[in-house]
Amino acid sequence: MMRVTSLLLLIVLGLSSCEWGAPAKKDPNGVFRDTLAYAYQTIHERAADCGNKPDSSCTVVKISYPQFKDKHVLNDTIKHKLLNIFMLGENPDTSLNALAAKFLKSYTAFKKDDPRTQMFFTLDTYAKVIGQDSALVTLEYGGYTFQGGAHGASFTGFINWDGKTDKNVTLDDIMVSGYQPELAKIAEKIFRKDEKLSDTSSLARDYFFKDNKFALNENYSITPLGIRFVYNQYEIKPYAAGQTELILPYSQIKKLMRPQSVASQYIHKNAGI
């Protein structure tokens, strides 16, 4: 019985552990995936007064992120992003463990000022791999925090990483020179359709665009279907409206795309060229 139990434990660990050395996998479209090995790291800290309370009703810090094997620049980039989402104080912390410790310390100070309060803080941040193939690794990072006040704050951001050159991929890397005006024009047309606005409707009343003119932000992910932009809370709409997502299909922007880039395989698969 002991040998059987041990064997089952090894199998479970093998299925749920690191991605180190995971072989490349090919999807039905022939795109290779999981070409970089990684393992998820987790920081989980609870305030001293949590006792037997569940995480959902006491002050807790949760940080989850992937660590890539032999990809130091990418790992540093991920940690830098996480440290700057909900920065405590004027300067970012030097490590995620330091961030967790400072957050719990801020709660302790808050509780000392008002011992009778039933309020608790929350810091829940993450980075996760949402796409990977032989040319590009795409990560989403973000989270939620509450430190008193009327409501908490949330954020979603992206990292588009060229695994071969070890660099972040920008729109300039995948689009032809001078693409910006035409891309904005196409994006605004899609945005107005999504928002059920006419071509001439003013953006002044319900949106926060500078000078009331539509503009793309720099928060996007390069996906197999198109470029996905995300506007976070308060960015272009009131807090209650939440996030706004805008997807630009390759079929509509293929003339603006460079023929040889990390996004080329997606253009060919989805734009019929």
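Residues numbered from 1 in each chain as written. Predicted model: local features only at pLDDT ≥ 70, side-chain atom pairs only at ≥ 80, totals over all residues. Heavy atoms only, no water.

**Considerations on the sheet that holds strand 9 (residues 220-222)**
Then step 1. Strands sit in the order 9-10-11 across an open sheet of three strands; the sheet is antiparallel. One side of each edge strand has no neighbouring strand; the edge strands of this open sheet are strand 9 and strand 11 (244-249). Put simply, the sheet's adjacent strands are angled 15 degrees from each other on average, direction ignored.
Then step 2. Note that strand 9 and strand 10 (residues 226-231) share three bridges and pair antiparallel. When the sheet's bridge partners are listed, Tyr220 is paired in strand 10 with Phe229. (Pairing = 2+ DSSP bridges. Helix = DSSP H or I, 4+ residues; strand = E, 2+ residues; numbered from the N terminus. Axes fitted to C-alpha atoms, helices over the stretch in contact; angles between N-to-C directions.)

**With respect to unusual backbone geometry**
Then step 1. One non-glycine residue, Asp70, adopts positive backbone phi at about 60 degrees.
Then step 2. Of note, Asp70 is situated in the loop between strand 4 (60-68) and helix 2 (72-85).
Then step 3. Judged by relative accessible area, which is 60%, Asp70 ranks as exposed.
Then step 4. Unusually for a residue other than glycine, Tyr234 sits at a positive phi of about 75 degrees.
Then step 5. Relative to the elements of secondary structure, Tyr234 occurs in the loop between strand 10 and strand 11. (Buried < 20%, exposed > 50% of the residue type's maximum accessible area, 1.4 Å probe, protein only.)

**Remarks on the pattern of salt bridges**
Then step 1. The tally for this structure, following the rule as stated, stands at ten salt bridges.
Then step 2. Asp55 is the partner of Lys62 in a salt bridge, and the nearest nitrogen-oxygen pair spans 3.6 Å.
Then step 3. In this structure, the salt-bridge partner of Glu195 is Lys237, at a minimum N-O distance of 3.1 Å. Of this pair, Glu195 sits in the loop between helix 5 (180-194) and strand 9 while Lys237 sits in the loop between strand 10 and strand 11; the two residues are 42 residues apart in sequence, bridging distant segments of the chain.
Then step 4. Its relative accessible area of 23% is what places Glu195 among the partly exposed residues. (Salt bridge = Lys/Arg side-chain N within 4 Å of Asp/Glu carboxyl O.)

Keep in mind these values describe shape, not function.
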